[in-house]
Each structure stands twice: as structure tokens, then as C-alpha cells.
Protein chains: 2
Amino acid sequence: MLRLSKLADYAVVVLTRLEESGGAASAPGLSVATGIAEPTVAKVLKTLAQANLVIGTRGAQGGYRLVRPLCAVPISEVIVAVDGPIALTACVDGAVGACDAEATCPVRGRWDPVNDAIRSALSAITLADLKRPARQPKTPSPVAALAAE
Amino acid sequence: MLRLSKLADYAVVVLTRLEESGGAASAPGLSVATGIAEPTVAKVLKTLAQANLVIGTRGAQGGYRLVRPLCAVPISEVIVAVDGPIALTACVDGAVGACDAEATCPVRGRWDPVNDAIRSALSAITLADLKRPARQPKTPSPVAALAAE
DNA sequence: CGCATAGAGGACCGTACTGGTCCTGTATGA
DNA sequence: TCATACAGGACCAGTACGGTCCTCTATGCG
């Protein structure tokens, strides 16, 4: 189904909520705000912190705050942070040994353009583009431009 | 990891091999040609037949043949045939009830542009684009155009 | 100074999905 | 008439993911 992991979905939700909370909030607070279980929210935030998308401060009155505004965060970055590198198949970047039929594989290493296309498509969309209303965006988003082809 | 199913990978391999065999071959024949186990090849071909990407003829001397040349088959079609609709998350096309936090979800239904972007990116690449050499394509592929943005 | 809060970083387990095989039925050519 | 090959399932095992929990560290407040 070409599915994205739920964690990545949660990450987007949490980050969006984080900005709505003024750019800073705690994991328990975000849990009640989003309806996502607290341990899960914490897990997502910890992952995002490792990717430097948020910064966590410990102690009482601690919490997480956004490093960049959502409009400066492409979803590709979130996906990479949570799900790892974007690669549709194992046969990427000339990886050797990942596929047992390397010798006979007729599409050897040719998924790369596909991966690149998806990467660039995801890089063109920022988290701000996923936010609620934005009914009539003044400037047509790159998404629309891509879809129009 | 945003992974594609192996079956879809196999499908591309099998279809490519099918064209190299003159557009027609049997499942056992494709199995030995690709190195993929015969039951798996059969499964993939059955799926592709349901999607009208190949046509199977029964009986001795039977087999499968391509309906369209590879250059007329976007990979998106193969992926949809094997893996189902391309949708990164459950919250697609305004599906209701799929997400238990619909009420509070701040990105409700906003993954759609992402899905569209990926769909269009995958639609712009045909199976012919994945074939072996094609080192210096005369006409820059749409993939390159997308990546250049 | 001590305690409550909150993040960091793991380990851990159940489930659901995928990959892969196999079985039965049907069609067709030699 | 039989061997071949597709059609359409059911079926099983391995794995990866989602989700929870535990321990440790840091920090603000009473």
C-alpha cells in the first residue's frame, strides 16, 4: 500500500500542535492536546529531538520547543527522522548483497530515479502546507505544480 | 522506511523480462529467467493479469503477454495493482472512522497533497525508464525535471 | 535541600502484515 | 486423453511495527 508509518503521521500531528501551542509544550501536554497516548507522544518527540527538529529541556517546567517554524520543515525531513531514509526498495544507491538476484536482476539499480522523484516531491512540501484550512493559498504550492504535469 | 512491497519490485522485474522475451512468456519460463521462485512469479503475474497489465492464456503453450509496451506503463499503475491504492496514511480522501482522533487531529485530511504529489511523481515514470542502460537519455526524463526543482 | 516534574534512552512484547508456498479447479494444445 | 499452464483461493512462518514500560538524569519550586 506504500504506507507511511504511523509514527511519522503522529510526528506531523505533534509538530503542528506544537506550533499552535506557541512553539513550546511538554509531552504530557501534547498528549492531551492531540489525543495520542502519552508514551507514544514521548517516543515521537524523542526521535524528533535526535533529528534536531525539536529541542527538549529537562526538569520541571521543561518541554519541547520547535527549532524551526513549520514552513521551514519539509515533510521529507520528518519522514527521514522517524522512518529512516526514503528508499522504496533494498536495491538503492548501488547497495551490494541486499538482493540475492543481483546478477540476473534486469532493473538493477534503476529504482534510483523513482526514489529521487519521491524524495524531491516530499521535499517540496512543508509541514505548514499540511496545516488546517489554507483554502485559497495566494501562491500555488509546488504540490499543485507537480500535480498539474 | 517508506518501503515498497517486494511483490511490486518483482512485478517490475517480471514485466521487464517479459518484454525482453518478446512480449510473451510463461510463468515457469520467467521464473528461470529472473531467478525468482516459480510460485512467486505466478502470484505476481496473476495479480498483474487482474489489473489488465498482462493477459494470460491457459493450456499447453499458454503463458502471459504484455497488453501495452513498457513505455506506456507508469510504475504507479504497477504499484497500485500489486500493493493497492497509493496512500501514505489511513486519513485519505476524507475517509471517516479510520482514525480514532478525527475530532482533534490538526492535520485532518491534509495528507492529500502529499499523496497527490507522490502519485504524480510515480505516474511520470514508466517501466521503460527503469530498464537497464539508458546512460545518456536524449530527452531528459520527467524525473530529472522534478529533481531539478 | 528534597521532591516532583519532565526528558533521554533503552528494553520489551503482542499483533498484524507480508512474503512465500501449496492445493484445487479449469482451459487448451499435442 | 494427457500434460501443460493459468485462475483463485487458503494457508503458514518470519518479521517489522506500534505501543508500553522502566531506569536514569536534569531542573525548577516549595
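What counts, and where the lines are drawn
Residues numbered from 1 in each chain as written. Chains lettered and ligands numbered in written order. Predicted model: local features only at pLDDT ≥ 70, side-chain atom pairs only at ≥ 80, totals over all residues. Heavy atoms only, no water. Pairing = 2+ DSSP bridges. Helix = DSSP H or I, 4+ residues; strand = E, 2+ residues; numbered from the N terminus. pLDDT = per-residue confidence, 0-100. Contact = heavy atoms within 4.5 Å. Near = heavy atom within 4 Å. Polar contact = N/O pair within 3.5 Å; in protein donor to acceptor, adjacent residues only side chain to side chain. Nonpolar A, V, L, I, M, F, W, Y, C, P; charged D, E, K, R; others polar.

## Some points on the pairing of strand S3 (residues 63-66) of chain B
Residue and element names in this part refer to chain B.
Piece 1. Relative to S3, strand S1 (residues 24-25) runs antiparallel, the two sharing 2 bridges. Each bridged residue has a counterpart across the sheet, and for Ala24 the counterpart in S3 is Arg65.
Piece 2. In terms of strand pairing, strand S2 (residues 54-57) meets S3 through 4 bridges, oriented antiparallel. In the strand pairing of S3, Ile55 is matched with Arg65.
Piece 3. Taking the residues that link successive antiparallel strands as the turn, the S2-S3 hairpin has 5 residues, and the phi of Gly59 there is positive, at about 85 degrees.

## So, the confidence of the model for chain A
All names here are of chain A.
Piece 1. Looking at chain A as a whole, its pLDDT mean stands at 80, while 73% of the residues score no less than 70.
Piece 2. Across residues 92-97, confidence stays below pLDDT 50; counting only partners more than four residues off in sequence or on other chains, it has 11 contacts.
Piece 3. Note that pLDDT drops below 50 for residues 133-149; the model gives that stretch 13 contacts with residues more than four away or on any other chain.

## Side note on the protein's contact with DNA strand D
Piece 1. Taken together, 23 residues form the shell around DNA strand D, and within it Lys6(A), Lys43(A), Lys46(B), Arg58(B) and Tyr64(B) come nearest.
Piece 2. Among the atoms of DNA strand D close to the protein, meaning within 4 Å, 71% are from sugar or phosphate groups.
Piece 3. Here a base oxygen of DNA strand D sits 3.4 Å away from a polar atom, N or O, in the side chain of Arg58(A).
Piece 4. In the environment of DNA strand D, a sugar or linking oxygen lies 2.6 Å from a nitrogen or oxygen atom belonging to the side chain of Arg58(B).
Piece 5. Of the residues forming the surface near DNA strand D, the biggest block, 3 residues, is contributed by helix H1 (residues 6-20) of chain A.
Piece 6. Each residue belonging to the surface near DNA strand D can be placed in one class, and the counts come to 8 nonpolar, 10 polar and 5 charged.

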